[in-house]
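# Summary of the model geometry
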Amino acid sequence: MRRDIFQAIADPTRRAIIALIAVQAMTPNAIAEHFDTTRQAVSKHLKILTECELITQNHQGREIYYLLEIDKMKEIDHWLDQFRKIWESRFEQLDTLLEGLKSQQK
């Protein structure tokens, strides 16, 4: 079952896992050490992130390392970009308004 990537980033634990894996590939045990939860709970989060294709598994001998899929993160960034443009436009309007108020006070 393929899940929506926004399901993955909706959970704070999964966002924290993404942040950890962004720095370096990690094993499930190494990831679990950063959380006050069971190894099974972390595995469930890893499964969801994998189903969303935000992370992939890399088998090295008997170990599994999880890696971040940057291209999927770009998909999130692309979606957010439309709102970033709106925010920037509103900030520019606010700057213009504030500049107008300053010039009226002088």
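### A few points about the packing of aromatic side chains
For the coordinates displayed, the defined rule picks out 2 aromatic pairs. Connected via pairs of aromatic rings, a cluster forms that spans Phe-6, Trp-79 and Phe-83.

### Details of the packing of helix α2 (residues 12–23) against helix α4 (residues 39–51)
For the pair α2 and α4, interaxial distance at closest approach is 10 Å and the crossing angle is 75 degrees. By the angle between their axes, α2 is roughly perpendicular relative to α4. On the side of α2, the interface is formed by Thr-13, Arg-14, Ile-17, Ile-18 and Ile-21, while α4 contributes His-45, Leu-46, Ile-48 and Leu-49. In terms of residue class, the contact of α2 with α4 is built from 6 nonpolar, 2 polar and 1 charged.

Calculation notes
- Residues numbered from 1 in each chain as written.
- Predicted model: local features only at pLDDT ≥ 70, side-chain atom pairs only at ≥ 80, totals over all residues.
- Heavy atoms only, no water.
- Phe/Tyr/Trp six-rings, centres within 6.5 Å; stacked < 30°, edge-to-face > 60°.
- Axes fitted to C-alpha atoms, helices over the stretch in contact; angles between N-to-C directions.
- Helix = DSSP H or I, 4+ residues; strand = E, 2+ residues; numbered from the N terminus.
- Parallel < 35°, antiparallel > 145°, perpendicular 65-115°, else oblique.
- Contact = heavy atoms within 4.5 Å.
- Nonpolar A, V, L, I, M, F, W, Y, C, P; charged D, E, K, R; others polar.

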